[in-house]
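Architecture and fold: a report
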Amino acid sequence: MRKKNLLALGLAAVLLGGLFAGCGNGAATETTTTNDTTTEEADSTDQEEPADTTNGEQINLRFSWWGGESRHEATLAVIEAFEAEHPNITITPEFSSIDGYAARLTTQFASRTAPDIIQVETGLGSEYQRQGVLKNLSETDFDFSNFDESFLEIAKFGTDSYWAIPTGMGGSALIVNQDLADAAGVPITEPHEWEDWFEWGRLVREYDPEAYLLSASTPLAYAFIIRAMARQMTGEAIVDRDFNLTLTEAQFEEIFDFIRRLYEEEVAAPASYLAPFGEQLQQDPNWVAGRYVAAMGYSSSIEVFTAAAPDVTFANGRLPLLPDRANDGWVTEPPQFIGIYYYSEHPEEAAKFLNFFFNNAESVRTLGLVRSIPPTAFAQEIIEGEGLLDPLMMESVEISLSYNGFSDGGPTTSAEVRAILESAFEDIAFGTLTPADAAARTVQQIEDFIAANSN
Amino acid sequence: MSRKAKKTTKEIIMYIVLIIIGLFMIYPLIWMFFSSFKTNEEIFGSVALLPQMFSLEPFIHGWTSAGGLTYATFFRNSFVMVVPTTIFTVLSSTLVAYGFARFHFRGKKLAFAILLSTLMLPNAIVIIPRYTIFNSLGVLDGYGAFYLMSILACYPFFVYMLVQFMRGIPTDLDESAYIDGCGTFKTLTLILLPILKPALFSAGLFQFLWTYNDYFNSLIFIHSVSRFTATMALRLSLDAESVVNWGSVMAMSFLVVLPLVILFFVCQKYFVDGIATTGLKG
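The structure presented is a predicted model; accordingly, all values stated were derived computationally and were not measured. (Residues numbered from 1 in each chain as written. Chains lettered and ligands numbered in written order. Predicted model: local features only at pLDDT ≥ 70, side-chain atom pairs only at ≥ 80, totals over all residues. Heavy atoms only, no water.)

The helix and strand inventory of chain A stands at 18 helices and ten strands. Restricting to contacts in chain A with at least 6 residues of sequence separation, those with at least 24 account for 74%. Of the roughly 18,200 Å² that chain A leaves accessible, carbon and sulfur atoms contribute 49%. (Helix = DSSP H or I, 4+ residues; strand = E, 2+ residues; numbered from the N terminus. Contact = heavy atoms within 4.5 Å. Areas by Shrake-Rupley, 256 points an atom, 1.4 Å probe, with all protein chains shown as cover.)

Our next topic: the packing of aromatic side chains. Under the definition given, this model contains 60 aromatic pairs over all chains. Ring centres of Phe243(A) and Phe449(A) lie 6.0 Å apart, and the angle between their planes is 40 degrees; on these two criteria the pair is classed as tilted. With a gap of 206 residues between them, Phe243(A) in the loop between helix 8 (218–234) and helix 9 (249–264) and Phe449(A) in helix 18 (residues 435–453) connect regions that are remote in the sequence. For Phe449(A), a relative accessible area of 5% corresponds to the buried category. The rings of Phe63(A), Trp65(A), Phe82(A), Phe95(A), Phe142(A), Phe144(A), Phe147(A), Tyr162(A), Phe353(A), Phe356(A), Phe357(A) and Phe358(A) are connected pair by pair, giving a single aromatic cluster. Looking at Arg261(A), its charged tip hangs above the ring of Phe198(A), at a distance of 3.7 Å from the centre. Above the plane of the ring of Tyr215(B) lies Arg235(B), whose end atom (NZ or CZ) is 5.1 Å from the centre. (Phe/Tyr/Trp six-rings, centres within 6.5 Å; stacked < 30°, edge-to-face > 60°. Buried < 20%, exposed > 50% of the residue type's maximum accessible area, 1.4 Å probe, protein only. Lys NZ or Arg CZ within 6 Å of the ring centre and 35° of its normal.)

Moving on: the pattern of salt bridges. Residues and elements named next belong to chain A. In the structure shown here, the tally under the stated rule is 20 salt bridges over all chains. With a closest N to O distance of 2.9 Å, Glu-199 and Arg-202 form a salt bridge. Separated by three residues within a single helix, Glu-199 and Arg-202 lie in helix 7 (residues 196–207), roughly one turn from each other. Since its relative accessible area comes to 39%, Glu-199 is described here as partly exposed. A salt bridge links Glu-210 to Arg-291; the shortest N-O distance between them is 3.7 Å. Residue Glu-210 is found in the loop between helix 7 and strand 6 (212–215), and its partner Arg-291 is found in the loop between helix 11 (285–288) and strand 7 (292–298); the two are separated by 81 residues along the sequence. Relative accessible area serves as the criterion here: at 25%, Arg-291 is assigned to the partly exposed category. Beyond isolated ion pairs, a larger network of salt bridges with shared partners links Glu-195, Arg-261 and Glu-265. (Salt bridge = Lys/Arg side-chain N within 4 Å of Asp/Glu carboxyl O.)

Residue and element names in this part refer to chain A. Spatially, 2-1-3-10-4 is the arrangement adopted by the five strands of the open sheet, whose pairing is mixed. Across the chains shown, the open sheet's two edge strands, defined by having one partner strand only, are strand 2 (89–96) and strand 4 (165–166). Relative to strand 3 (residues 117–121), strand 1 (residues 59–66) is paired through two bridges, and the arrangement is parallel. In the sheet register, Ser-64 faces strand 3, and the bridge partner there is Ile-118. Sheet strands in contact with helix 3 (residues 101–110) are strand 1, strand 2 and strand 3, and its direction is about 130 degrees off that of strand 3. (Pairing = 2+ DSSP bridges. Axes fitted to C-alpha atoms, helices over the stretch in contact; angles between N-to-C directions.)

What follows covers the packing of helix 4 (residues 71–102) of chain B against helix 13 (residues 246–266) of chain B. For any two helices packed against each other, one specifies the crossing angle of their axes together with the interaxial distance. All names here are of chain B. The geometry of helix 4 relative to helix 13 is characterised by a closest axis approach of 12 Å and an angle of 30 degrees between their N-to-C directions. One way to sum up the angle between helix 4 and helix 13 is to call them roughly parallel. The two elements helix 4 and helix 13 meet at a crossing, and its hand is right-handed. Here helix 4 contributes Tyr-71, Phe-75 and Phe-79 to the contact with helix 13, which in turn contributes Met-252, Leu-255, Val-256 and Pro-259. When grouped by side-chain class, the residues that make up the contact of helix 4 with helix 13 number seven nonpolar, no polar and no charged. (Parallel < 35°, antiparallel > 145°, perpendicular 65-115°, else oblique. Left-handed = near helix turned anticlockwise from the far one by under 90°. Nonpolar A, V, L, I, M, F, W, Y, C, P; charged D, E, K, R; others polar.)

The next thing to look at is the nonpolar core. In terms of nonpolar packing, the biggest core is built from 89 residues, with Phe63(A), Phe353(A), Leu354(A) and Phe221(B) touching the most fellow members. Leaving out residues up to four positions away in the same chain, Phe353(A) has contacts with Phe63(A), Ile79(A), Phe82(A), Ile91(A) and Ile117(A). By size, the runner-up hydrophobic cluster in this structure holds 62 residues, among which are Val176(A), Leu180(A), Ile225(A) and Val293(A). (Core = buried A, V, L, I, M, F, W, Y, C linked by side-chain atoms within 4.5 Å.)

With that settled, the discussion passes to the domain arrangement of chain B. All names here are of chain B. When cut into domains, chain B gives domain 1 (3–60) and domain 2 (70–278). Contacts between the two partners involve twelve residues from domain 1, matched on the other side by 14 residues from domain 2. At the boundary of domain 1 with domain 2, total buried surface from both sides reaches about 980 Å², with 77% on carbon and sulfur atoms. Contact with domain 2 buries area across many residues of domain 1, yet Met-32, Asn-40 and Phe-59 alone supply 45% of it, more than any other trio. Applying the counting rule to domain 1 against domain 2 returns zero salt bridges. Applying the counting rule to domain 1 against domain 2 returns three residue pairs in polar contact (both at pLDDT 80 or more). Looking at the side of domain 1 that touches domain 2, the elements with two or more residues in it are helix 1 (3–35), helix 2 (40–45) and helix 3 (57–63). With five residues, helix 1 is the single largest residue contributor to the side of domain 1 that touches domain 2. For the side of domain 1 that touches domain 2, the class distribution of residues is eight nonpolar, three polar and one charged. (Domains from an automatic or database assignment. Buried area = accessible area lost by both parts, 1.4 Å probe. Polar contact = N/O pair within 3.5 Å; in protein donor to acceptor, adjacent residues only side chain to side chain.)

So, on to helix 2 (residues 69–85) of chain A. All names here are of chain A. In a regular helix each residue adds 1.5 Å, so 17 residues correspond to 24 Å; helix 2 covers 25 Å between its end C-alpha atoms and thus fits that length. Inspection of helix 2 places Arg-71, His-72, Ala-74, Thr-75, Leu-76, Val-78, Ile-79 and Phe-82 among the buried residues, and these make up the whole buried set. Looking at the buried positions of helix 2, the neighbouring elements they touch are strand 1, strand 2, strand 3, strand 10 (336–340), helix 13 (347–359) and helix 14 (361–367). (Expected span 1.5 Å × (residues − 1).)

Moving on to the side chain of Asp328(A). Note on placement: Asp328(A) falls in the loop between strand 8 (314–317) and strand 9 (332–333). For Asp328(A), the residues in contact, after removing those within four places along its chain, are Gln232(A), Leu321(A), Tyr403(A), Asn404(A) and Gly405(A).

Residues and elements named next belong to chain A. Taken domain by domain, chain A consists of domain 1 (56–169 + 334–398) and domain 2 (170–332 + 414–453). If you average the C-alpha positions of domain 1 and of domain 2, the two centres end up 29 Å apart. Each side of the interface is counted separately: domain 1 has 19 residues, and domain 2 has 15 residues. Between domain 1 and domain 2 the total buried area reaches about 1,300 Å² when both faces are included, carbon and sulfur atoms providing 55% of it. Joining domain 1 to domain 2, the criterion identifies zero salt bridges.

Glycine aside, a negative phi is what most residues show, and trans is what most peptide bonds show. Residues and elements named next belong to chain A. Here the phi dihedral of Arg-112 falls at roughly 55 degrees; this positive angle occurs in a residue that is not glycine. Residue placement: Arg-112 occurs in the loop between helix 3 and strand 3. For Glu-266, which is not a glycine, the phi torsion comes out positive at approximately 60 degrees. Take Glu-266: it is sitting in the loop between helix 9 and helix 10 (271–274). What makes Glu-266 partly exposed here is its relative accessible area of 37%.

The following block contains the structure:
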């Protein structure tokens, strides 16, 4: 019996040990910045040494980004060129798709193991800055002189310093099927107002009962309609940097009513039909067949949208405005940022790499358009000289530059507010809430968010 | 109609119905296979199953991923991660389940309750503490995290499943083994394990499938692309801002599910056995 008890005790210890082992070790995390996980070759079991490389010869930096094949290849080529020039620095690439990218970063921030150089989603830049995970780039040697100062405003997140580098220029875009627009008599490539969409939607349905004016899905349309219209109404972000809600319930209701009409009057294709495609509206067979006049998207996705329907002639639409507006609302924004991790042990070397990445002619040539139209005039000239510039993409950036909008990056684009606005959009698009109810709920939810976050 | 003829007709009808349902079930796989040979416009613009032409190009193009890494690396990584994880899970879960099912010790109820409560925790909640723990143990960016969790029986579902199964085995067997001179460990290996076989197989198969298909945990625990598993590698070429060559993605997806399909057919007998018997009590 004693033997049996001993075994039982052992088994119970193993179990409890497994459950609680973590609590004891958790405290140690703060001090252990895992440099050891950086090197590709590093044996995962050898851990004691937090690899102090500052005095040694070899410095290792981790660089994480998301993207598709062409972006991976081009970025890897630039890393290789940089390593050839700086033999004492190696850069470990950590690339993936955007699925789970932000979730992984959040986990890494929580245990201070994030990569030294980080590609950041545009909307999350300001949130990261507030969390203190981004290095102040004004304190590093990164050379901003090639950048246009007014465009760089966006990388300050309301402070006096630069916290991130915009990787390119882009903005909201209406990607227009010129053939269908002409045939149905819809001048969407001319300056117009939101209200014009209803008349045009009717024209398109009359011309071809299978066609719609707009292809729009929640993740794209919530930004395109709710956020842009709000900026035009008030001239401010829905939740400004000081955590004030700038939009009234009545104004929310007005915007939501506009969305309701879009769906009820069949201006936009049914939400239930487009929901499965998410942001990938170009995968919709009806898009491939050219049955939409326009898709809501971004300059950076124009290539993807046009490539999906090779038989169609494409053009850039102008962006809709309110007749009575505080400002134009539309803005030129980078498709993403690149920043340096606050807890990076080698910020100077990271800045050196970023200088090479953004300000070196050879790198610019290698990178081409993999992160949209480059952010500096210097780079744009090189790309144009190479004949790489996609005219449609460039025109889209020029259109967005022609409006005097401003970026609402900040609390408005944080993950929570985004979720609140998206769910409101969806409830209206699917007809499960009236605009008034949705407006009341949205205001309530945003106020809760503000109460939890401002102090 | 004779009784025999009646029986045959009945069987024929039954088989036809089963084949139709079976085709419905397997259609996505077949579609995926044929889509490997299609261009993007064909995939999204047409409903035809068969491609306009067959060529091995998508397989050759898809095999090499960004940075010159090939799927040979990714497949090797997958197996290096999945096989030990599966074996460790089965071993550790059996031991823990044995403890709970056959022994009486102080705090057993509490320990079991804690174990069960971890079963209710969603993965999204435990992932950050786990990451922090694994970070301080230095097992990140490798498969150590997965091995560690399986060695420590951190999969309460399997423990629970095996406990339930063992409770169904009469203790008379243990007692007669004890009389014949078996110790506690021998009772487990010689008497209980053979009876447990179907349950062990289903635990192993499930763990294999789940670990192999897992995306989220691997994504969080592994950073280096050279250590990516096949499931993670599939996502490397997908991005909203670049044109995706879906033919190659489909070709590789097909190759990635192939081991699971083969495994299922090879172990089908045990799999069905395991599912059928784990539901039985007494």
